[in-house]
Amino acid sequence: MKKTGVILAIFALLLAVSACASKVEREENFTPTPLPTATATPEPTPEPTPTATLTPTAVPTPTPTATPEPTPTPTATPLAVALPERNNDDPPHVFVGAVTVNGLVASDGTEVTVWVAEFNRPIGTSFTDGGNYSVLAHQHGTDSFVGRTIIFKVNGEETGETGTWEKGGATVLALSLE
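Keep in mind that this is a model prediction, so the values were computed, not measured.

Draft legend 1. Quick peek at the pattern of salt bridges. What the rule picks out here adds up to two salt bridges. The closest approach of N and O atoms between K167 and D90, which form a salt bridge, is 3.5 Å. A residue pair is termed long-range when its members are at least 10 positions apart, and K167 in the loop between β7 (157-164) and β8 (170-172) and D90 in the loop between α1 (2-20) and β1 (93-101) qualify at 77 residues. Exposure remark for D90: the relative accessible area of 19% places this residue in the buried category.

This is the structure:
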């Protein structure tokens, strides 16, 4: 069997040598024939299905509700009592002094009145002269004014100054209206 193996090897060698020694011309610059390459066929892009677009609706701005103001309960203001007739049996109280309006000496003819709170009219009236006043606060009616508070007004406006009524009294009191 060795002989057979050697024969086969020789035979294979001869076959290889004969194939190489053939007289077939060979091209030195061999350019292979290109084979077409497989490319993917593009699939069409599907058309999007339209969807409803939500449009936001305007949210109404709340209007603040006014808080009702409580109706003030009117305070009972005592009604001014009619001023009784002047009583000439008791001497009046005299008030005198300087008058200023807005920091300036009051002009001549500025009205000065004296009041007792519960009456609807003044108990005395005068007018300034040279920036000064002199007013007689007369007793009215039968109820004595002794010890009562006297209110002063200049041109109808309260000055904030007060005095106390005395029978036949005399008081120096400067008045100012701002």
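Draft legend 2. Fine view of the packing of aromatic side chains. Per the stated rule, a full pass over the model turns up three aromatic pairs. Ring plane angle 45° and centroid distance 5.9 Å describe the contact between F119 and F145, whose orientation is recorded as tilted. A residue pair is termed long-range when its members are at least 10 positions apart, and F119 in the loop between β3 (111-116) and β4 (124-127) and F145 in the loop between β5 (132-137) and β6 (149-154) qualify at 26 residues. F145 matches F119 in its accessibility class, with the two residues each being buried. Relative to W165, the ring of F145 lies with its centre 5.8 Å away and its plane at 85°, an arrangement referred to as edge-to-face. Remark: W165 occurs in the loop between β7 and β8 and F145 occurs in the loop between β5 and β6; sequence separation between them is 20 residues. Like W165, F145 is buried. The structure contains a cluster of three or more aromatic residues connected by ring pairs, namely F119, F145 and W165.

Draft legend 3. Quick look at the sheet that holds β7. Within the open sheet, the four strands sit side by side as β4-β3-β6-β7. Their pairing is antiparallel. A single partner strand is all that each edge strand has here, and the edge strands are β4 and β7. Taken over all neighbouring pairs, the strand axes of this sheet differ in orientation by 25° on average, direction set aside.

Draft legend 4. Main features of the pairing of β1. Where β1 lies against β5, six bridges are found, and the strand directions are antiparallel. Within β5, the position partnered with A98 by the bridge is N132. As judged from the three bridges shared by β1 and strand β9 (residues 175-177), these two strands associate in the parallel manner. Pairing of T100 across the sheet is with S176, part of β9. Here β1 hands over to strand β2 (residues 104-105) after two residues, with N102 in that stretch at a positive phi of 55°.

Draft legend 5. Geometry of the nonpolar core. Within the largest apolar cluster, 20 residues are counted, with the highest numbers of intra-cluster contacts made by I123, Y133, I150, F152 and L175. Among the secondary structure elements, those contributing two or more residues to this core are β1, β3, β5, β6 and β9. Not counting the four nearest positions on each side in its chain, I150 is found in contact with F95, V114, W115, V116, I123, E161, T162, G163, T164 and W165.

The rules behind these values
Note that residues are indexed from 1 along each chain, following the sequence as it is written. Only residues with pLDDT of at least 70 are given local features in this predicted model, and only at 80 or more are side-chain atom pairs given and counted; all residues enter the totals for whole chains, interfaces and linings. The basis for the side-chain values is all heavy atoms of the structure; hydrogens and waters are excluded. Here, a salt bridge means any Lys or Arg side-chain nitrogen found within 4 Å of an Asp or Glu carboxyl oxygen. Segments assigned H or I by DSSP are reported as helices when at least four residues long, segments assigned E as strands when at least two residues long, and all are numbered from the N terminus. Whether a residue is buried, partly exposed or exposed follows from its accessible area with a 1.4 Å probe, protein chains only, as a fraction of its type maximum: under 20%, in between, or over 50%, in that order. Under the pairing criterion, centres of Phe, Tyr and Trp rings, with the six-membered ring standing for Trp, must be within 6.5 Å; the plane angle then separates stacked pairs below 30 degrees from edge-to-face pairs above 60, leaving the rest tilted. When DSSP finds at least two bridges between two strands, those strands are taken to pair. Axes, fitted as lines to C-alpha atoms, cover a helix only where it is in contact. Angles between the N-to-C directions of the axes lie from 0 to 180 degrees. By nonpolar core we mean a set of buried residues, namely Ala, Val, Leu, Ile, Met, Phe, Trp, Tyr and Cys, connected to one another through side-chain atoms within 4.5 Å. Note on contacts: a residue pair qualifies if any of its non-hydrogen atoms lie within 4.5 Å across the two residues.

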